[in-house]
Amino acid sequence: RFSETVHTLTEAYKIYVLNAPGFRAGQDPAFGIVNYLNIELNPKNMLVIRNEWYKDEVGQRTGFATRYTSHTVGLTHWMSQDVELRPELRYEHSYDVPAYDAGKKSSQLTALFDVILHF
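Here the residue numbering is sequential within each chain, running from 1 through the sequence in written order. Reporting in this predicted model follows two pLDDT cut-offs: at least 70 for local features of residues, and 80 or more for side-chain atom pairs to be given and counted; totals over whole chains, interfaces and linings ignore these cut-offs and use all residues. With hydrogens and water set aside, each side-chain value is computed from the structure's full complement of heavy atoms.

**Structural notes on the environment of W53**
So, step 1. Under the scheme used here, helices are H or I runs from DSSP no shorter than 4 residues and strands are E runs no shorter than 2 residues, and both carry numbers assigned from the N terminus. Tracing the chain through its elements places W53 in strand 3 (residues 45-56).
So, step 2. Relative accessibility decides the category of a residue: with a 1.4 Å probe and only protein chains considered, values under 20% of the type maximum give buried, values over 50% give exposed, and everything between is partly exposed. Residue class for W53 comes out partly exposed when judged on its relative accessible area of 33%.
So, step 3. For the pair W53 and T76, spaced 23 residues apart in sequence, the C-alpha separation works out to 22 Å.
So, step 4. W53 has contacts with F31, G32, I33, R67, Y68 and T69, leaving out every residue within four places of it along the chain. We call two residues contacting when some pair of their heavy atoms lies within 4.5 Å.

**Here we look at the confidence of the model for the protein**
So, step 1. Residue-level confidence of the predictor, termed pLDDT, takes values from 0 up to 100. Counting all residues, the mean pLDDT for the protein is 91, and 92% of those residues have values of 70 or more.
So, step 2. Per-element averaging of pLDDT across the protein places strand 1 (residues 6-15) at the bottom with 94 and strand 5 (residues 83-94) at the top with 98.

**Some points on the layout of surface pockets**
So, step 1. For each structure, a 1 Å grid was placed over the protein atoms alone; sets of points admitting a 1.4 Å probe that cannot get out are labelled cavities, open sets with protein on both sides within 12 Å along at least five of seven lines are labelled pockets, and lining residues have an atom within 4 Å of a point. Grid points are joined across faces, edges and corners, and a volume is the space filled by probe spheres set on the points. The space that makes up the largest pocket amounts to roughly 210 Å³.
So, step 2. Around the largest pocket, the lining comprises 16 residues; the ones closest to its centre are E52, Y54, T62, Y68 and E92.
So, step 3. Taken together, the elements giving at least two residues each to the lining of the largest pocket come down to strand 1, strand 3, strand 4 (66-78) and strand 5.
So, step 4. With four residues, the top contributor of residues to the lining of the largest pocket is strand 3.

Given below as structure tokens:
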């Protein structure tokens, strides 16, 4: 926490699939690290900046054995204590092989919109 309105969270993870067809347990790992920077604009709105690095070693999770980064800017807006709206803009890039548009492109830009209901 940098202040009352600015804080960050970093996560690192290792993923592997048990009993995946064609692989022995733990032989299709993926690794990643992600950082969230959250900036509270006011009590109902928060700016979120998310950066991630991910490596799918054999392509089991994504279909392509490559390293990826993604960079996302989003807004979290609380309509009420039960409803969250989250528009986002994300840029993704694959480094070792083209992994987007059926293996034709190395990057993509995505606009997203989530509605989260808390109950």
